[in-house]
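Single-letter residue listing:
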Amino acid sequence: SMSLRGDGKSPGMTLKAASKASGPTPTKRRNSTLWSETLDVHQKSSFSVKEIKRQEAIYELFRGEQDLIEDLQLARKAYHDPMLKLSIMTQEELAHIFGDLDAYIPLHEYLLVKLTEGTGPDGTVAQIGQIVIDWLPGLNAYKNYCSNQLAAKALLDQKKQDKRVQDFLQRCLESPFSRKLDLWSFLDVPRSRLVKYPLLLREILRHTPPDHPDVASLERAITIIQDILSEINVRKGETECQYYIDQLEFLDEKQRDPLIDDCRTLLCHGELRTKSGSRLHVFLFSELLILTRPVTRNDRSCFQVYRQPIAVRDLVLEDLQDGEIRLGGSFRGAFTNGEKAKNIFRVSSMDPSHGQSHTLHVSDVYHKQQWLNCLRAAITQQQGAPTRSQQEESFLPSPISSAKICDKEADENCPPAAGPTKLRRQTLSKNRLEQKLQGSQRRKETGV
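Because the structure is a prediction, the values reported are computed rather than measured. Residue numbering note: each chain is counted from 1, following its sequence as written. Given that this is a predicted model, residues contribute local features only at a pLDDT of at least 70 and side-chain atom pairs are listed and counted only at 80 or more, while totals for whole chains, interfaces and linings are drawn from all residues. Just so you know, side-chain values use all the structure's heavy atoms and leave hydrogens and water out.

Asks: Even after reading the chapter, I still don't get the environment of Val282, so can you show me in this structure?
Replies: The residue Val282 is located in strand 3 (residues 279–285) in this model. Each residue is assigned to one of three classes by its accessible area relative to the maximum for its type, calculated with a 1.4 Å probe on protein chains only: buried under 20%, partly exposed between the two thresholds, exposed over 50%. Accessibility expressed as a relative area gives 1% for Val282, which makes it buried. Measuring from C-alpha to C-alpha, the distance between Val282 and Arg293 comes to 8.5 Å, with eleven residues separating the pair along the chain. We count a stretch as a helix when DSSP gives it H or I for four or more residues in a row; a strand needs E for two or more, and each element gets its number in order from the N terminus.

Okay, here's the thing in structure tokens:
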């Protein structure tokens with residue numbers, strides 16, 4: 001049984017003090033026995049190397065189901081029930097975080113029963129394909145659970161600010177049963193298991209002889225699980241998209257672009273900085289690019305919309321060279337010896353009524369390229385493949401080459417590129433530099 005001390009001391013300190021006297025309790029280990037290790041020498045010699053590998057792969061699937069069931073049961077018995085009994089969280093909060101986690105146990109127990117029934121006297125499973133095909137549709141039950149994970153994680157993180165929750169979870173983490181895994185690791189077990197099924201089935205298929213009757217069934221099973229995962233991902237993506245839309249806080253009703261109601265997909269999001277170093281959280285939805293400032297309202301995190309969202313159909317993307325902008329907003333050259341910005345790009349709107357552009361700084365070149373790829377893909381999807389006259393210069397080549405890369409002044413001044421992607425010129429001519437300086441005075445710039 002589990003209980004909380006009422007002496008006001010940190011449970012972590014109490015456990016550490018006790019451990020010095022009695023020695024640390026060893027962490028519980030998972031059974032890692034191989035299928036071949038369950039056989040005696042005589043049995044093992046009666047199977048070919050390929051058949052042993054096939055049975056090992058089947059046994060890995062079997063043992064993984066056992067581990068999953070154990071983790072689901074543990075999440076209920078060691079975390080959910082004690083927190084409810086001790087009133088550390090309300091029943092409603094626990095239902096939101098844990099979902100119907102233990103309701104999925106019979107689903108996985110059923111697969112174990114079928115695999116056991118399909119095991120012959122010699123310990124081998126002759127045909128597994130049809131067993132899996134008949135069982136896989138039950139995994140559709142995870143659609144709701146996976147879709148709720150983002151909101152569940154947010155609530156759990158919020159509840160961790162509570163000292164009692166903090167202390168309880170710390171006690172669990174330091175207990176042998178946890179295997180040094182936190183609560184979220186157990187709650188995320190179903191999702192991580194789901195994505196392993198195609199890999200496990202492919203491994204079984206890889207060690208199955210081409211003329212084996214299981215081949216066609218295994219190939220069919222792989223197709224089914226991929227379709228199920230695709231549907232779960234779509235549902236999860238739509239829920240995630242709506243979750244963040246609900247977190248947006250508009251300072252002015254004019255900021256609420258009608259296109260927000262058409263957004264079904266969140267392509268990417270993350271923290272970026274302006275030239276002046278201000279922190280923004282940027283969301284690229286299928287229809288809109290929205291810049292926000294993270295804020296807290298009544299202990300609840302939300303995102304205050306900054307300036308006006310930019311419709312992706314009007315979005316202009318400019319990939320800037322390292323050093324072209326210095327932190328503080330000045331162009332490089334003879335004017336300053338200040339710190340030169342790296343990993344930057346600029347977004348603006350073709351809609352003249354917006355009159356805004358945002359120069360954004362990314363933490364490293366890898367994440368910059370990820371942002372550029374996502375933005376280019378979104379632009380291509382919304383604006384269609386541009387004509388030759390619309391194809392602009394790009395500093396970093398990308399697999400998606402039809403995105404519009406324009407200069408800051410106005411898109412009609414962008415010279416056509418010779419091909420889909422082209423390196424930007426390394427230096428600016430005097431006239432070009434003067435034009436940029438004049439343009440920078442005319443246009444409002446983020447973070448100035």
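Asks: How do you make sense of the pairing of strand 7 (residues 315–319) when you look at a structure like this?
Replies: Of all five residues that make up strand 7, five are buried, and the element is covered over most of its length. By the alternation rule, side chains of strand 7 split into Leu315, Leu317 and Asp319 and Val316 and Glu318, which are all buried. As defined by bridge partners, strand 7 adjoins strand 8 (residues 344–349) across five bridges and the pair is classed as antiparallel. When the sheet's bridge partners are listed, Leu315 is paired in strand 8 with Ser349. The rule for pairing is simple: two strands pair if DSSP sees at least two bridges between them.

Asks: What am I meant to see in the packing of helix 3 (residues 49–85) against helix 12 (residues 197–206) here?
Replies: Helices that pack against each other are described as a pair by the angle of their axes relative to one another and the distance between those axes. In this analysis an axis means a line fitted to C-alpha atoms, helices contributing only their contacting stretch, and an angle means the value between N-to-C directions, from 0 to 180 degrees. Direction vectors running N to C along helix 3 and helix 12 enclose 160 degrees, while the axes themselves pass 8 Å from each other. Here helix 12 runs roughly antiparallel to helix 3, going by the angle between their axes. Crossing of helix 3 against helix 12: the hand is left-handed. Contacts from Lys50, Arg54, Ala57, Ile58, Glu60, Leu61, Glu65 and Leu68 of helix 3 reach helix 12 at Tyr197, Leu200, Glu203, Ile204 and Arg206. To sort the angles, those under 35 degrees are grouped as roughly parallel, those over 145 as roughly antiparallel, those from 65 to 115 as roughly perpendicular, and the leftovers as oblique. Crossings are sorted by hand: turned counterclockwise from the far helix by less than a right angle, the near helix makes the crossing left-handed, and turned clockwise it makes it right-handed. Working rule for contacts: check all heavy atoms of both residues, and any pair within 4.5 Å makes them a contact.

Asks: Any chance you could explain the pairing of strand 5 (residues 300–305) here in plain terms?
Replies: Looking along a regular strand, one sees side chains alternate from face to face of the sheet. Looking at chain direction, strand 1 (residues 248–249) and strand 5 are connected through two bridges and run parallel. What sits directly across from Glu249, in strand 5, is Gln304. Across six bridges, strand 4 (residues 288–297) lies against strand 5 in antiparallel orientation. Bridge pairing links Arg293 to Gln304 in strand 5. Linking two consecutive strands that pair antiparallel, namely strand 4 and strand 5, is a turn of two residues; a positive phi of about 55 degrees is found at Asn298 within it.

Asks: Any chance you could explain the environment of Pro137 here in plain terms?
Replies: Assignment of secondary structure puts Pro137 in the loop between helix 6 (129–135) and helix 7 (142–147). Judged by its relative accessible area of 46%, Pro137 is partly exposed. Sequence spacing of Pro137 and Ile224 is 87 residues, and the spatial spacing of their C-alpha atoms is 8.1 Å.

Asks: I'm lost on the nonpolar core in this one. Help?
Replies: For our purposes a nonpolar core is just a set of buried Ala, Val, Leu, Ile, Met, Phe, Trp, Tyr and Cys residues, chained together by side-chain atoms within 4.5 Å. Core analysis: the largest hydrophobic core is formed by 65 residues, its most contacted members being Tyr79, Phe98, Leu139 and Tyr142. No other element matches the 14 residues that helix 3 contributes to this core. Contacts of Tyr79, omitting those with residues within four sequence positions, involve Leu74, Phe98, Phe168, Leu169, Cys172, Phe177, Ser178, Leu181, Leu183 and Phe186. Grouped together as the second largest cluster of nonpolar side chains are 21 residues, Leu280, Ile310, Leu317 and Val362 included.

Asks: Looking at this structure, how should I read the environment of Glu271?
Replies: Inspection of the secondary structure assignment puts Glu271 in strand 2 (residues 266–274). Spatially, the C-alpha atoms of Glu271 and Leu291 are 9.8 Å apart, while their sequence positions differ by 20 residues. Setting aside residues up to four positions removed in sequence, Glu271 forms contacts with Arg279, Leu280 and His281. A polar side-chain atom of Glu271 sits 3.3 Å from a polar atom in the side chain of Arg279. What qualifies as a polar contact is a pair of N or O atoms within 3.5 Å, subject to a donor-acceptor requirement within protein and to the restriction that residues adjacent in sequence count only when both atoms come from side chains.

Asks: Just checking my understanding: could you explain the side chain of Ser178 for this structure?
Replies: Relative to the helices and strands, Ser178 resides in the loop between helix 9 (163–173) and helix 10 (183–187). Within the structure, the side chain of Ser178 is placed 3.0 Å from the backbone oxygen of Leu173, a separation counted as a polar contact. Sequence-distant contacts of Ser178, that is, excluding residues within four places in its chain, are made with Tyr79, Cys172, Leu173 and Phe186.

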